Amino acid sequence: MKSNTIFLSPDEMPKQWYNILADIKMNPPLGPDGKPVTPEMLAPVFPMNLIEQEVSTERWITIPDEVMNIYSIWRPSPLIRAVNFEKALGTPAKIYYKNESVSPAGSHKPNTAVPQAYYNKIFGIKKLTTETGAGQWGSALSFACSQIGLECRIYMVRISFDQKPYRKAQMQAWGGKCVASPSNETNAGRAILAKDPNTPGSLGIAISEAVEAAVSDTTGQTRYALGSVLNHVMLHQTVIGLEAKKQLEKTGDYPDIVIGCAGGGSNFAGIAFPFVSDKMHGKKVEIYPVEPIACPTLTRGPFVYDHGDTARYTPLLAMHSLGHAFVPPPVHAGGLRYHGMSPIVSQLVTEGLLTAKAVSQIDAFNAGVLFARTEGIIPAPESNHAIAQVVAEATKAKETGEKKVILFNLSGHGLLDLGSYEKYFSNDLDNYALSDDELRKSEEVFKDFPKPQLMKSI
């Protein structure tokens, strides 16, 4: 029997993360005075060992043994040739996907949750606070904290808190405490609720609450953990792409196209950055981050300095942004409902190394259902966006007759997102799209901020 699954043995698991900051130039984060933020200024929020990773320009960073041991619960993850999906699309393209749904939390998020919990623990931290959109990150950090031995408190965007009740139960099973955001626990939450008691919430609001909860602990034993956007998070996720490269070498194939969904940028960075490195060194490969048309940060948001959270607690980051006050429509891909984007991903888009794409909610679910019926895995709504772009690229290959090799990241399963599928089958999903007026209004918040430089790394 021929297998379409490519495995790596445990001893083939990457022993180091790839740090793309060794190969590109970046605008620095800025403080309230417009001057670059120093590592010491971040110390109340993150432990210094993670801050060192955030600013490091070392190309390879060794994965600690304790992290490797926990990774080994599910890593290396399989690479699968989607043969039945190819047949259904009638395409000559080969389609491969990295299956990150096999982790205990059902997504790629533990790839960074585990090392973040580990580095906090050895620094002497006892408790982590964080935000979560769809609940995948909150679940992953709860899992990691249970493995490492830390307390965990999660502020979950209210619309997702209501839409995805079993995510809360998943966090509780691992000992995490989940709170709907905005909440009455923080000044940031209370201020938002005073303005709009019925707000669906946003990742920007939840980040404000989690940061405030961390820095207000006078014992100094609490820190904040972020599931996307920042450099050290992107770093940890590169284990995905590094494994995928080794697995593709076993098939003799190399991707013409690499695709990942993009909300804050973490799972996309994980699959893409090792191939971006190849592209910077002469390889021919197209790389597409895919987002919802309802929250078109990369495809329509300008490259600006903006805050990563609604209450403006974070430094100014050079990134594509829809404005820190932006509250996106309640699409079911909760992990893609973020106003900003990873500064690294944003920088690579401005340099032309990445080409951003956007798809509608219904097109995403159309693609996800076809994938489920052919490959058997029900994808998370976030992953459906990547799959929709795969369908578009495979259709182009069918029209041109080109035998393209397409690689995408299946960032998580949708078994706790079946409510969204139920709405899809009931024709009860909206195709939200951001209007030009809404975009202009949201951009007002950063019009007086400093402007980032347009840098070129290659």
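Structure shown above.
This write-up is about the structure you can find in this document. (Residues numbered from 1 in each chain as written. Predicted model: local features only at pLDDT ≥ 70, side-chain atom pairs only at ≥ 80, totals over all residues. Heavy atoms only, no water.)

Counting across every chain of the model gives 17 salt bridges. Between lysine 164 and aspartate 417 there is a salt bridge whose closest N-O contact spans 2.8 Å. Highlighted residues: lysine 164 in the loop between α7 (158-163) and α8 (165-173) and aspartate 417 in the loop between β15 (405-410) and α18 (418-425), separated in sequence by 253 residues. A relative accessible area of 3% places lysine 164 in the buried class. The salt bridge involving arginine 167 is made with aspartate 417; its shortest N-O contact spans 2.9 Å. (Salt bridge = Lys/Arg side-chain N within 4 Å of Asp/Glu carboxyl O. Helix = DSSP H or I, 4+ residues; strand = E, 2+ residues; numbered from the N terminus. Buried < 20%, exposed > 50% of the residue type's maximum accessible area, 1.4 Å probe, protein only.)

Taken as a whole, α8 has its buried residues at Arg167, Gln170 and Met171. Looking straight down α8, one finds its buried side chains confined to an arc of 100 degrees; they lie on one side. What points out from α8, more than 90 degrees from its buried face, is the exposed set Tyr166 and Ala173. Those residues of α8 that are buried lie in contact with β6 (127-132), α6 (136-148), β7 (151-157) and β8 (177-181). (Arc of directions from axis to C-beta. Contact = heavy atoms within 4.5 Å.)

Let us now look at the side chain of serine 342. Mapped onto the secondary structure, serine 342 falls in the loop between β13 (316-320) and α15 (343-350). Looking at serine 342, its side chain comes within polar contact range of the main-chain oxygen of valine 229, at 3.5 Å. Contacts of serine 342, omitting those with residues within four sequence positions, involve Val229, Met234, Gly264 and Gly265. (Polar contact = N/O pair within 3.5 Å; in protein donor to acceptor, adjacent residues only side chain to side chain.)

Among the five residues that make up strand β12 (residues 303-307), five are buried, leaving the element largely enclosed by the rest of the structure. Residues of β12 alternate between two faces, with Phe303, Tyr305 and His307 on one and Val304 and Asp306 on the opposite face, all of them buried. In terms of strand pairing, β12 meets β13 through five bridges, oriented antiparallel. Of the residues in β13, the one forming a bridge with tyrosine 305 is alanine 318. (Pairing = 2+ DSSP bridges.)

In a packed pair of helices, the relevant descriptors are the angle between the two axes and the axis-to-axis distance. For the pair helix α16 (residues 361-375) and helix α17 (residues 381-400), the least separation of the axes is 7 Å and the interaxial angle reads 85 degrees. Between α16 and α17, the crossing angle belongs to the class labelled roughly perpendicular. For the pair α16 and α17, contact is made by Asp363, Ala364, Phe365, Ala367, Gly368 and Phe371 and by Pro381, Asn384, His385, Ile387, Ala388 and Val391, respectively. (Axes fitted to C-alpha atoms, helices over the stretch in contact; angles between N-to-C directions. Parallel < 35°, antiparallel > 145°, perpendicular 65-115°, else oblique.)

Right, let's get into the environment of proline 39. Along the chain, proline 39 falls in helix α1 (residues 39-42). On a C-alpha basis, the gap between proline 39 and valine 55 in space is 8.1 Å, while along the polypeptide they are 16 residues apart. Setting aside anything within four residues of it in sequence, one finds proline 39 in contact with Met48 and Ile51.

Along the chain, valine 239 falls in helix α12 (residues 239-251). With relative accessibility at 0%, the residue valine 239 sits in the buried group. C-alpha of valine 239 to C-alpha of proline 274: the two residues are 35 residues apart in sequence and 9.0 Å apart in space. With sequence-adjacent residues up to four places away left out, valine 239 is seen in contact with Pro14, Trp17, Arg75 and Asn111.

As a further point, take the sheet that holds β8. A sheet is described by the order of its strands in space; here four strands give the open sequence β8-β7-β6-β9, paired in parallel fashion. Looking along the sheet, the strands with just one partner apiece sit at the ends: β8 and β9 (222-224). Direction aside, the axes of adjacent strands within the sheet are offset by 25 degrees on average. Two strands pair when backbone bridges link them, and β6 and β9 are joined in this way by three bridges, in the parallel orientation. Bridge assignment links lysine 127 to a residue of β9, and that residue is threonine 222. Packed on one face of the sheet, α6 meets β6 and β7 and runs near 160 degrees to β6. Each of β6, β7, β8 and β9 is contacted by helix α10 (residues 203-215), which is oriented at about 170 degrees to β6, the strand it contacts most.

Strand order in the open sheet made by the seven strands is β1-β4-β5-β15-β10-β11-β14, with mixed pairing throughout. Edge positions in the sheet fall to β1 (5-6) and β14 (357-359), since each has one partner strand and no second. Pairing of strand β11 (residues 286-292) with β14 involves three bridges; the strand directions are parallel. Residue glutamate 291 lies in a different strand from β14, and its bridge partner there is alanine 358. Helix-sheet contacts for α12 involve β1, β4 (79-81), β5 (94-99) and β15, and the interaxial angle to β5 is about 140 degrees.

Bringing the pairing of β5 into the picture now. In terms of residue burial, β5 counts as a mostly covered element, since five of its six residues are buried. For β4 and β5, the ladder comprises three bridges, and the chain directions are antiparallel. Bridge pairing links isoleucine 80 to tyrosine 97 in β5. Here β5 runs beside β15; their pairing, made up of six bridges, is parallel. Residue tyrosine 97 lies in a different strand from β15, and its bridge partner there is phenylalanine 408.

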